[in-house]
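Architecture and fold: a report
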Amino acid sequence: MAGNNHSHFQHPYFVLTGIPGLEQEYYWMAFPLGAIYIIALFGNGVIISTIKSEPSLHIPMYYFLCMLAFADMGLTLCTLPSMLGIFWFNYKFIAFDACLVQMYFIHTFSAIESGVLVAMAIDRVVAIWNPLRYSTILTNRVVCKTGMAILSRAVCVVFPVPFLIKRLPFYRSNILSHSFCLHQDVMRLACASTRVNSLYGLIAVIFTKGSDSLSILLSYVFILRTVMALASREGRWKALNTCVSHICAVLIFYVPLIGVSVIHRFGKHLSPLTHALMANAYLLVPPVLNPIVYTVKTKEIRKKIIQIFVQTKITAEG
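Residues numbered from 1 in each chain as written. Predicted model: local features only at pLDDT ≥ 70, side-chain atom pairs only at ≥ 80, totals over all residues. Heavy atoms only, no water.

1. Considering the overall build of the protein
When you go through the protein residue by residue, the secondary structure sums to 13 helices and two strands. By the compact-globule yardstick of 20 Å for 318 residues, the protein fits well, its C-alpha radius of gyration being 22 Å. The principal-axis extent of the C-alpha atoms belonging to the protein is close to 75 × 55 × 35 Å. Within the protein, buried positions represent 46% of all 318 residues. Restricting to contacts in the protein with at least 6 residues of sequence separation, those with at least 24 account for 80%. Approximately 16900 Å² of the protein is accessible, and the part contributed by carbon and sulfur atoms is 70%. The average position of the 25 basic charges and that of the 12 acidic charges among the side chains of the protein differ by 9 Å. (Helix = DSSP H or I, 4+ residues; strand = E, 2+ residues; numbered from the N terminus. Rg over C-alpha atoms; globule rule 2.2 N^0.38 Å. Buried < 20%, exposed > 50% of the residue type's maximum accessible area, 1.4 Å probe, protein only. Contact = heavy atoms within 4.5 Å. Areas by Shrake-Rupley, 256 points an atom, 1.4 Å probe, with all protein chains shown as cover. Lys, Arg positive; Asp, Glu negative; His and termini not counted. Charge placed at Lys NZ, Arg CZ, Asp CG, Glu CD.)

This is the structure in structure tokens:
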């Protein structure tokens, strides 16, 4: 009977972990953390509003950038409550069902971002390979269908994950390794076989991040072959320069992702501090750095930010 009771038992809540070893510094860390969230939300919000209001940016490349900003804002808002709860109020508890909801949205927005990066790579392929037919190939209808496909894939692939976790019993530790809920982190606390969860998680990663990274790599192989066939050096540099922002966005997303995956798989001997920092970098770095990269490369977005600061200064002085 005891075994049967255990098979259906689940903790009412999980305990989140901030940054191990730095608990005494949480009060001071709360301010830079708050600044990071403000930068992420403000930067991505400016990108979305600028693309919406500026007719010259109503082209596929910037529509995809708008989708990327949407995904980054989603990731930011997913982790905001639990992160600020820990560092500002020292509140480390999250209800079991709330944890599953947070986990679902974190992985969904991460899959959306990965898919958008593929769409942006294909956009660069078309722009460099056949610039004269760029607007006829990537029409608004095609862009809209691409966005819906990216969203549908992410929603459907991640949808079973919370239910696979929900069926597992949890009657030992309820202390997570991070400041938010990730599938692999919650799964390791289960007191039953997680083979199905591990297998589905692997399939989901291969279907999303794995196939996406391969698609991006092949896209840039094709781009390089096309660029190298151009006669003039100036034309080659000009073509490659249009890819710089996207290459930065790909590295910003995939380097922390690969780091987290490697540490979870092979870094069990590493300190909890390393695990926590890598997981935080995986979710916080892209939403902060992507707006900075695209602001540097896009004149209209720079103008919009300057206008906002000027208006804020005038209002403050008035």
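2. Some thoughts on the nonpolar core
Counting residues in each nonpolar core, the largest one holds 78 residues, and the members touching the most others are Phe14, Leu65, Leu117, Ile165, Phe170 and Val186. Ranked by the residues each element gives to this core, the list is headed by helix α4 (residues 96–129), at 17 residues. (Core = buried A, V, L, I, M, F, W, Y, C linked by side-chain atoms within 4.5 Å.)

3. Remarks on helix α11 (residues 244–266)
Here α11 is 23 residues long and its end C-alpha atoms lie 32 Å apart, about the 33 Å a rise of 1.5 Å per residue gives. On its buried side, α11 packs onto α3 (60–89), α4, α9 (195–228) and α12 (272–297). (Expected span 1.5 Å × (residues − 1).)

4. Re the layout of surface pockets
Estimated volume of the largest pocket: approximately 1200 Å³. Lining the largest pocket we find 36 residues, and of these Gln184, Val205, Ser261, His264 and Arg265 sit closest to its centre. Those elements that provide at least two residues to the lining of the largest pocket are α4, α6 (140–158), α8 (183–187), α9, α11 and α12. Here the element with the most residues in the lining of the largest pocket is α9; it accounts for 11 residues. Considering only residue class, the lining of the largest pocket consists of 16 nonpolar, 15 polar and five charged. Along its surface, the second largest pocket is lined by 19 residues, and Met61, Tyr62, Arg124, Asn241 and Thr242 are the ones closest to its centre. If you list the elements that add at least two residues to the lining of the second largest pocket, you get α3, α4, α10 (233–241), α11 and α12. For the lining of the second largest pocket, the element with the most residues is α4, which contributes five residues. Here the residues of the lining of the second largest pocket are counted per class, giving 10 nonpolar, five polar and four charged. (1 Å grid on protein atoms, 1.4 Å probe; cavity = no way out; pocket = protein on both sides within 12 Å on 5 of 7 lines; lining within 4 Å. Points joined across faces, edges and corners; volume = space filled by probe spheres on them. Nonpolar A, V, L, I, M, F, W, Y, C, P; charged D, E, K, R; others polar.)

5. Comments concerning the UniProt feature "transmembrane region" (unreviewed entry) in the protein
Residues annotated in UniProt with the feature "transmembrane region" (unreviewed entry) correspond here to residues 26–50, 62–89, 101–122, 142–165, 243–264 and 276–296. Secondary structure within residues 243–264 divides into 95% helix and 0% strand; the distance between the first and last C-alpha atoms comes to 31 Å. Taken end to end, residues 276–296 is 100% helix and 0% strand, and its first and last C-alpha atoms sit 30 Å apart. (UniProt positions renumbered as here; feature names shortened; annotations may be inferred.)

6. Side note on the pattern of salt bridges
According to the stated counting rule, one finds four salt bridges in the structure shown. With its nearest N and O atoms 2.8 Å apart, the salt bridge here joins Arg188 to Asp185. A residue is classified by how much of its surface remains accessible, and Asp185, at 0% relative accessible area, is buried. (Salt bridge = Lys/Arg side-chain N within 4 Å of Asp/Glu carboxyl O.)

7. Examining unusual backbone geometry
Even without a glycine there, the phi angle at Asn90 is positive, about 55°. When you line up the elements, Asn90 lands in the loop between α3 and β2 (93–95). Assessed through its relative accessible area of 52%, Asn90 is described here as exposed.

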